[in-house]
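Coordinate analysis (summary)
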2 protein chains.
Amino acid sequence: MSGKRYKSKHKVLYYECEKTYRMTLSMLLNVLIQVSGEQSSALGLGDEKMGELGYAWIVLQHAFDIHRMPVTNELIEIETQARQYNSFFCYRDFYVYSETGTLLVEFTMVFAIMDRNERKMIRIPEEIVSPYGAPFKKGLIRIPRPSKVDEKIADSSFYTIRYFDIDVNDHVNNAKYIEWMLDALGEEFLKNKRLKTGTIKFEKELLYGQTAESKSSRLHTKEKTVTAHEIRTEAGFHCSASFEWK
Amino acid sequence: MSGKRYKSKHKVLYYECEKTYRMTLSMLLNVLIQVSGEQSSALGLGDEKMGELGYAWIVLQHAFDIHRMPVTNELIEIETQARQYNSFFCYRDFYVYSETGTLLVEFTMVFAIMDRNERKMIRIPEEIVSPYGAPFKKGLIRIPRPSKVDEKIADSSFYTIRYFDIDVNDHVNNAKYIEWMLDALGEEFLKNKRLKTGTIKFEKELLYGQTAESKSSRLHTKEKTVTAHEIRTEAGFHCSASFEWK
């Protein structure tokens, strides 16, 4: 038994795509978060209500499979459903379908709730999750851990956090980390490879004015290419990820 | 007499807004360009058709008045209309309305047509503009020139062009220049001021891997604040703008 399903349609716009006409991962992520926000609003638990209660949703982990990335002007349907939760974590699934019902992308996200004043994770309040109808299950769901960056062959690029990287939670929006991790791979790599699967783990927020190091290493085998990524600052470790490409 | 009108609705999404919940200027611009692209498609002259013909629309100038910026979750309506054209320039107006019909934002843009192989502006082909129904008028429409940056008090920030800054025309999307011009003003300024009017002039394209200098100066008077902006590289001058704030 899982939670209530919610569906929403979206037309992929030209500015959500890279120059190859494929939707960018960061824009797809924005759209998924938008749809889960719509479900929350429909259940009376939109951002405004959460703000009044002094809470904010934060994303801790993503794992995804891309069968085919949506393209410019494509009409897609996004389905989302809370799967289960425990004392600190909420698990939510997303499915992106083409107009003819083909499954294009699958995403699983792990959310937590932050106290906006303390800026700390809190125990999940029962009244915040019960409207979604997903069961409480004590255990954790294993999300694959990102592969480690191979320090011997790692490259680094640097990104200073800009005003428009910051969201209403006053920290860097999680879609931006993805842009910095991917951009560090360079144009030659990005325009020739296609993203297949990935796993991303957020550790610590990034704030306006900080400079982030985006470190990456690549592992090529006959079957696949795997890239491993880290986002670091002087304050430590903010995010890790690994992606598999074809 | 002006060209055919085209209208489209848009819901302002959370990732189109800055942390103050107001839509960003660069996202508003993306949405406007999207709507003019929809009109072109409806007239059989979408990007695909233009691509086949070896053409691409490029934006040369913007002038805008913001009465109130749309906010997160607001339902807006965008109306656009080609006003007139001459041998090299096409003038197009945009009006953004609230759900109750209040005029929120007005934009005028100057477009030209680029030959995709030569990467040069060409004389406007009659068959490309006639479907829009706007008249040929020999004269130019005066778009206010941007104020000059005051070199004595100018500040600079630097932006290296990233993979995701590049659009299908293989150069930096014009909305990105705006992010760099505004970001250079800093958080303290941006969160306390509201953009009222502006004028932007594009001179030369920016390509992947270049580093752009975003230079700006501020003029405060009793009534208003005016900021002047330039985007430069070693290759020269790419864009200038000035904005009026309240």
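The structure this text deals with has already been given above.
Residues numbered from 1 in each chain as written. Chains lettered and ligands numbered in written order. Predicted model: local features only at pLDDT ≥ 70, side-chain atom pairs only at ≥ 80, totals over all residues. Heavy atoms only, no water.

1. Considerations on the interface of chain B and chain A
Opposite the 36 residues of chain B that make contact, chain A presents 36 residues. In this assembly, chain B packs against chain A so that about 3500 Å² is buried in total across both faces, 57% of it on carbon and sulfur atoms. Its largest share of buried area at the contact with chain A, chain B owes to Arg162(B), Tyr163(B) and Phe164(B), together 24% of the area lost on that side. Counting across the chain B and chain A interface gives two salt bridges. Across the pair Asp170(A) and Lys19(B) runs a salt bridge, and its minimum N-O distance is 2.8 Å. (Contact = heavy atoms within 4.5 Å. Buried area = accessible area lost by both parts, 1.4 Å probe. Salt bridge = Lys/Arg side-chain N within 4 Å of Asp/Glu carboxyl O.)

2. A look at empty space enclosed by the protein
What the rule picks out here adds up to one cavity of 30 Å³ or more. Computed from the structure, the largest cavity encloses a volume of approximately 100 Å³. Taken together, Arg162(A), Asp165(A), Lys176(A), Glu179(A), Asp183(A), Arg162(B), Phe164(B), Asp165(B), Lys176(B) and Glu179(B) form the lining of the largest cavity. Elements that contribute at least two residues to the lining of the largest cavity include exactly helix H4 (174-183) of chain A together with helix H4 (174-183) of chain B. If you tally residues by element for the lining of the largest cavity, the top one is H4(A), at three residues. A breakdown of the residues in the lining of the largest cavity according to their chemical character gives one nonpolar, no polar and nine charged. (1 Å grid on protein atoms, 1.4 Å probe; cavity = no way out; pocket = protein on both sides within 12 Å on 5 of 7 lines; lining within 4 Å. Points joined across faces, edges and corners; volume = space filled by probe spheres on them. Helix = DSSP H or I, 4+ residues; strand = E, 2+ residues; numbered from the N terminus. Nonpolar A, V, L, I, M, F, W, Y, C, P; charged D, E, K, R; others polar.)

3. Some points on the relation of the copies chain B and chain A
When chain B is fitted to chain A, the residual RMSD is 0.0 Å, and the transformation amounts to a turn of 180 degrees plus an axial shift of 0.0 Å. Expressed as an axis order, the relation between the two copies is that of a two-fold axis. Minimal C-alpha separation from the rotation axis in chain B is found for Tyr159(B), amounting to 4.7 Å. In this assembly the copies share their binding face: 100% of the residues contributing to the interface of chain B also contribute to that of chain A. (Least-squares fit on C-alpha atoms with pLDDT ≥ 70 in both.)

4. Structural notes on unusual backbone geometry
All names here are of chain A. Look at Asn-73: it is not a glycine, yet its phi comes out positive at around 75 degrees. Looking at the element boundaries, Asn-73 is found in the loop between strand S2 (55-66) and strand S3 (75-85). Residue classification places Asn-73 among the partly exposed residues on the basis of a relative accessible area of 46%. With a phi angle near 65 degrees, Asp-170 is a residue other than glycine that sits in the positive phi range. Note that Asp-170 resides in the loop between strand S7 (155-160) and H4. (Buried < 20%, exposed > 50% of the residue type's maximum accessible area, 1.4 Å probe, protein only.)

5. Side note on the packing of helix H1 (residues 25-42) of chain A against H4(A)
All names here are of chain A. Where H1 contacts H4, the two axes come as close as 8 Å, and the packing angle between them is 165 degrees. Here H4 runs roughly antiparallel to H1, going by the angle between their axes. The handedness of the crossing between H1 and H4 comes out as right-handed. Packed against H1, whose contacting residues are Leu-25, Ser-26, Leu-29 and Asn-30, the element H4 presents Asn-174, Ala-175, Ile-178, Glu-179 and Leu-182 at the interface. Across the contact of H1 with H4, the residue classes tally to five nonpolar, three polar and one charged. (Axes fitted to C-alpha atoms, helices over the stretch in contact; angles between N-to-C directions. Parallel < 35°, antiparallel > 145°, perpendicular 65-115°, else oblique. Left-handed = near helix turned anticlockwise from the far one by under 90°.)

6. Side note on the packing of aromatic side chains
A complete count under the given rule lists 23 aromatic pairs over all chains for this structure. Summarising the aromatic geometry, the rings of Tyr177(A) and Trp180(A) are spaced 6.1 Å apart at their centres and angled 45 degrees between planes, so their arrangement reads as tilted. Note that Tyr177(A) and Trp180(A) are positioned in helix H4 at a spacing of three residues, about one turn of the helix. On the basis of relative accessibility, which here comes to 3%, the residue Tyr177(A) falls in the buried class. Accessibility expressed as a relative area gives 0% for Trp180(A), which makes it buried. A centroid spacing of 6.0 Å and a plane angle of 80 degrees characterise the contact between Trp57(B) and Phe111(B), whose relative ring orientation is edge-to-face. Here the residue Trp57(B) occupies a position in strand S2 (residues 55-66), and Phe111(B) occupies one in strand S5 (residues 103-115), the gap between them amounting to 54 residues. (Phe/Tyr/Trp six-rings, centres within 6.5 Å; stacked < 30°, edge-to-face > 60°.)

7. Here we look at the pairing of strand S4 (residues 90-97) of chain A
Residues and elements named next belong to chain A. Buried residues dominate S4, accounting for six of its eight residues. As defined by bridge partners, S3 adjoins S4 across eight bridges and the pair is classed as antiparallel. When the bridges of S4 are listed, Glu-79 appears paired with Tyr-95. In this sheet, strand S5 (residues 103-115) lies alongside S4 in antiparallel orientation, the contact comprising eight bridges. In the strand pairing of S5, Arg-92 is matched with Met-109. From the end of S4 to the start of S5, which pair antiparallel, there are five residues, and Gly-101 there has a positive phi angle of about 90 degrees. (Pairing = 2+ DSSP bridges.)

8. Focus on the nonpolar core
Within the largest apolar cluster, 129 residues are counted, with the highest numbers of intra-cluster contacts made by Leu25(A), Phe107(A), Phe243(A), Leu25(B), Phe107(B) and Phe243(B). In contact with Phe107(B), not counting residues within four places along its chain, are Leu25(B), Leu28(B), Leu29(B), Leu32(B), His62(B), Ala63(B), Phe64(B), Arg92(B), Asp93(B) and Phe94(B). (Core = buried A, V, L, I, M, F, W, Y, C linked by side-chain atoms within 4.5 Å.)

Read these as geometric descriptors, not functional statements.
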